[in-house]
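# Observations on the model geometry
Given next are the chains, with one letter for each unit.
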Amino acid sequence: MRIAVAGGTGVVGRHIMNVARDRGHEAIPLTRSNGIDLVTGSGLPEWLDGVDSVIDVSNRSTLKTDESVAFFTAVTHNLLAAERKAGVHHHVALSIVGADAAPDGYYAGKLAQEGLVEAADVPWTIQRSTQFHEFAAMMFDQAKAGPVHLAPRARTQPIAAREVAEHMVAVAVAAPTGRAVDLAGPQEESLVEMVRAYARAKGHRGWIPAVSLPGSMGRAQRSGALLPHSDAHRGRQTFTEWLASLA
Ligand SMILES: NC(=O)c1ccc[n+]([C@@H]2O[C@H](COP(=O)([O-])OP(=O)(O)OC[C@H]3O[C@@H](n4cnc5c(N)ncnc54)[C@H](OP(=O)(O)O)[C@@H]3O)[C@@H](O)[C@H]2O)c1
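Read on for an overview of the structure.

Calculation notes
Residues numbered from 1 in each chain as written. Predicted model: local features only at pLDDT ≥ 70, side-chain atom pairs only at ≥ 80, totals over all residues. Heavy atoms only, no water. Helix = DSSP H or I, 4+ residues; strand = E, 2+ residues; numbered from the N terminus. Polar contact = N/O pair within 3.5 Å; in protein donor to acceptor, adjacent residues only side chain to side chain. 1 Å grid on protein atoms, 1.4 Å probe; cavity = no way out; pocket = protein on both sides within 12 Å on 5 of 7 lines; lining within 4 Å. Points joined across faces, edges and corners; volume = space filled by probe spheres on them. Nonpolar A, V, L, I, M, F, W, Y, C, P; charged D, E, K, R; others polar. Phe/Tyr/Trp six-rings, centres within 6.5 Å; stacked < 30°, edge-to-face > 60°. Core = buried A, V, L, I, M, F, W, Y, C linked by side-chain atoms within 4.5 Å. Buried < 20%, exposed > 50% of the residue type's maximum accessible area, 1.4 Å probe, protein only. Contact = heavy atoms within 4.5 Å. Right-handed = clockwise from strand over helix to strand, strands pointing away. Pairing = 2+ DSSP bridges. Axes fitted to C-alpha atoms, helices over the stretch in contact; angles between N-to-C directions. Parallel < 35°, antiparallel > 145°, perpendicular 65-115°, else oblique. Left-handed = near helix turned anticlockwise from the far one by under 90°.

Attention now goes to the side chain of Thr156. When you line up the elements, Thr156 lands in strand β9 (residues 155-156). Here Gln131 takes part through its side chain, which lies 2.8 Å from a polar atom of the side chain of Thr156.

Below is the structure:
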């Protein structure tokens, strides 16, 4: 099968490219490094010739509502329009468990994306996942006040990006199902402890204070609204195992 991966160079996108190729599929990355700007749509149509499924794991990391909505709306609109013209059979979008509990900031973009996909005339699947184990690394790198790293308070049930990728490829080669059963990690973790453990594993010895993010996103993170329901598919690798695998 020919599978195009919007965001194929990202944290989960790289794994999707590898898993798809390991399983004998042709995988085409749709990213700026490949000459495609998904926000403007430039360069996109010629890469969709003969593509069966598109997996969208593109991303813009932002806490700003306007920026997030503008990015995910433009990318989803451009992808779906190009897919319709090219006769793509299946659009698969990756979203986030509990996104509707925090309908502003970054999550506003994810909800806008889901709405466009649901209204699309290209057959679709929306797969929601909890945070990746790799989210701890992203927080360590990005959540800072000057030189001090910060650890946002959040209840999460993280999953390895590699396992998300395995699941996304299986979804992309199967028939479209609309809203799929959520995907989550094996057990609940504290994001504060994840960030601190990641920092220690990287040799960081400084103090990492816990902080509460403002707004509905911060409240949803702390309340457990981003945790999966009991019927979610579970990954196997724990955060501790993932961290050990980095050594
Ligand atoms: N991180 C998590 O814990 C988590 C949990 C659940 C769901 N998700 C969802 O998973 C998806 C992927 O997240 P991620 O953390 O793996 O993403 P990421 O590492 O930030 O990667 C973003 C990807 O998007 C591409 N991209 C960005 N702007 C682009 C543009 N204008 N044109 C073309 N490509 C563009 C980047 O490629 P270039 O820079 O090369 O263009 C890169 O491949 C997101 O939709 C996110 O909401 C993430």
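This part is about the layout of surface pockets. Looking at the largest pocket, its volume works out to about 1,300 Å³. If you go around the largest pocket, you meet 48 residues; those closest to its centre are Asn59, Arg60, Ser61, Tyr106 and Met138. Mapped onto the lining of the largest pocket, the elements with two or more residues apiece are α1 (11-22), β4 (90-96), α3 (106-118), α4 (135-142) and α7 (215-223). Element by element, the count of residues in the lining of the largest pocket is highest for α4, at 6 residues. Considering only residue class, the lining of the largest pocket consists of 24 nonpolar, 16 polar and 8 charged. Put simply, the second largest pocket is a space of about 150 Å³. Contributing to the lining of the second largest pocket are Gly41, Leu44, Pro45, Asn78, Ala81, Ala82, Lys85 and Ala86. A breakdown of the residues in the lining of the second largest pocket according to their chemical character gives 5 nonpolar, 2 polar and 1 charged.

Moving on to the packing of aromatic side chains. Throughout the structure, instances matching the rule amount to 6 aromatic pairs. One aromatic cluster is present, built from ring pairs that chain together Phe71, Phe72, Tyr106 and Tyr107.

This next bit is on empty space enclosed by the protein. One pass over the structure, following the stated rule, counts 1 cavity of 30 Å³ or more. Of the volumes computed, that of the largest cavity is approximately 30 Å³. Lining the largest cavity are Gln131, Phe135, Ala154, Thr156, Leu191, Gln221 and Leu226. Tallied by class, the residues present in the lining of the largest cavity amount to 4 nonpolar, 3 polar and no charged.

Moving on, we get to the nonpolar core. Side chains of nonpolar character tend, in soluble globular proteins, to be buried together. Leu30, Leu38, Leu44, Leu48, Leu79 and Tyr107 are the most contacted members of the largest nonpolar core, which totals 24 residues. Among the elements of the structure, β1 (2-6), β2 (26-30), α2 (65-86), α3 and α7 are those that each provide at least two residues to this core. Counting residues per element, this core draws most heavily on α2, at 5 residues. In this structure, Tyr107 is in contact with Ile96, Ala99, Ala102, Gln131, Met217 and Leu226, ignoring residues within four places of it in sequence. Membership of the second largest hydrophobic core comes to 22 residues, among which are Val5, Val92, Ala161 and Val164.

Of all 5 residues that make up β1, 4 are buried, and the element is covered over most of its length. A crossover links β1 with its parallel partner β2, the connecting element being α1, and its sense is right-handed. Where β1 and strand β3 (residues 53-56) come together, 4 bridges link them in parallel fashion. Within β3, the residue paired with Val5 across the bridge is Ile55.

Where α1 meets helix α5 (residues 161-173), the axes come as close as 8 Å, and the angle between the chain directions of the two elements is 50°. Judged on the interaxial angle alone, α5 and α1 are oblique. Note that α1 runs across α5; the crossing there is right-handed. Listed contacts from α5 to Val11, Val12, His15, Ile16, Asn18, Val19, Ala20 and Asp22 of α1 are Ala161, Arg162, Val164, Ala165, Glu166, Met168 and Val169. Class assignment for the residues of the contact of α1 with α5 results in 10 nonpolar, 2 polar and 3 charged.

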